[in-house]
Amino acid sequence: MIDIHSHVLPQIDDGPANWEETMAMLHQAEEDGVTEVAITHHILSNLDYEREPEIIAKFEELKKRISLEKIKLKIHLGAEIYSQADMELHHVISTYNNNKRYFLVEFPMQGIPRFVADYFFKIITKGMTPIIAHPERNMGVIRSPERAYEFVQRGAVLQMNAGSIVGRHGEPVKDAATVLLNSNLIHFVGSDGHNTRRRPLRLRDARDAVAQGWGEERAQLLFHDNPARALAGEPVHIPEPLPVQPLHKGIWGKLRSAFAS
Ligand SMILES: [Fe+2]
């Protein structure tokens with residue numbers, strides 16, 4: 001399995017506090033069956049790129065520590081860029097492995113910024129592909145999952161968090177993840193791992209859930225094949241999206257959905 005979303009380096013953002021925790025996270029990942037990890041620390045504004053040399057230096061140090069501890073993991077470098085109207089995408093860490101094509105971008109949890117649809121369209125016509133981080137956790141998508149459909153129709157691709165489909169972020173998020181998977185609107189799954197406890201770098205239980213609900217072929221695509229292609233800067237496989245269908249749940253499900261809106 002290949003993880004395309006993680007916060008692994010120590011003392012960069014809200015990820016691990018020290019190297020011991022970093023290495024413990026990677027041991028957990030290896031035990032879970034993860035073979036490659038892309039490290040994507042938060043870039044909250046362009047000012048954060050001032051820390052790029054520090055991030056690259058720690059990334060290089062991590063490679064040495066992985067080799068010393070004989071952990072069988074390959075690491076890649078990228079970033080998780082907070083959406084804004086003047087995103088600088090030319091930096092080394094802006095795109096995965098500096099491939100100048102795929103970048104991971106997050107929206108504020110409360111909704112989808114108005115400027116984003118047109119802005120993404122401009123970026124996409126220049127040959128770049130936004131990977132929208134955890135859309136199933138965004139209130140705008142939870143309320144109106146068809147917004148995810150619109151983004152995919154325009155050429156963006158979507159990354160679900162592993163914890164979402166196994167219910168770690170609550171029922172409305174799990175429901176949104178289910179709706180998006182039902183409509184072929186998820187292209188990758190990442191751990192969004194931050195630490196060893198509450199947000200670990202693990203994918204196995206989510207992969208099992210996807211294989212059980214949507215088939216082994218889909219699991220292979222979302223947990224391995226598409227991540228590998230994006231990291232290499234190659235075209236990812238985008239299944240034909242289906243119109244978004246709300247979940248038909250009982251009265252309790254409807255009540256829960258009401259709470260989410
Ligand atoms: Fe993240």
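Located above this text is the structure these notes cover.
Residues numbered from 1 in each chain as written. Predicted model: local features only at pLDDT ≥ 70, side-chain atom pairs only at ≥ 80, totals over all residues. Heavy atoms only, no water.

Student: So what's going on with the packing of aromatic side chains? Residues and values would help.
Tutor: Tallied over the entire structure, the rule returns 4 aromatic pairs. Aromatic side chains F107 and F151 sit 5.6 Å apart centroid to centroid with 40 degrees between the ring planes, which places their arrangement in the tilted category. In this pair, F107 is assigned in the loop between strand 4 (102-106) and helix 3 (116-125) and F151 in helix 5 (residues 146-153), connecting sequence segments 44 residues apart. The same class applies to F107 as to F151, namely buried. Taken together, the ring pairs connect F107, F120 and F151 into an aromatic cluster. (Phe/Tyr/Trp six-rings, centres within 6.5 Å; stacked < 30°, edge-to-face > 60°. Helix = DSSP H or I, 4+ residues; strand = E, 2+ residues; numbered from the N terminus. Buried < 20%, exposed > 50% of the residue type's maximum accessible area, 1.4 Å probe, protein only.)

Student: Let's hear about the sheet that holds strand 1 (residues 2-3): which residues, and what values?
Tutor: Strand order across the open sheet formed by 7 strands is 1-2-3-4-5-6-7, with parallel pairing between neighbours. Edge positions in the sheet fall to strand 1 and strand 7 (188-190), since each of these pairs with one other strand and no more. Bridge count for strand 6 (residues 157-161) against strand 7 is 3 bridges, and the pairing is parallel. Each residue of the ladder has a partner; that of M160, found in strand 7, is V189. (Pairing = 2+ DSSP bridges.)

Student: Describe the coordination of the iron ion, naming the residues involved and giving the relevant values.
Tutor: Protein coordination of the iron ion is provided by H5 (NE2), H7 (NE2), E80 (OE) and D192 (OD), with donor distances spanning 2.0 to 2.2 Å. For the iron ion, the 4 donor atoms in the first shell make angles of 84 to 174 degrees at the metal, a pattern classed as irregular. Along the chain, the residues that donate to the iron ion are spaced as H-x1-H-x72-E-x111-D. Here E80 lies in strand 3 (residues 74-82) and H5 lies in the loop between strand 1 and helix 1 (19-32), a separation of 75 residues in the sequence. What makes H5 buried here is its relative accessible area of 0%. Taking relative accessible area as the criterion, E80 reaches 1% and is therefore assigned buried. (Donors = N, O, S within 2.8 Å, 3.2 Å for Na, K, Ca; no water. Tetrahedral: all angles 85-135°; square planar, octahedral: opposite > 155°, others 65-115°.)

Student: Report on the pairing of strand 4, specifying residues and quantitative values.
Tutor: Counting buried residues along strand 4, 5 of its 5 residues qualify, which places the element largely inside the surrounding structure. Bridge count for strand 3 against strand 4 is 3 bridges, and the pairing is parallel. Counterpart to I81 in the pairing with strand 4 is V105. Taken together, the 4 bridges between strand 4 and strand 5 (residues 129-133) define a ladder with parallel strand orientation. Of the residues in strand 5, the one forming a bridge with L104 is I131. In terms of handedness, the path from strand 4 via helix 3 over to strand 5 forms a crossover that is right-handed. (Right-handed = clockwise from strand over helix to strand, strands pointing away.)

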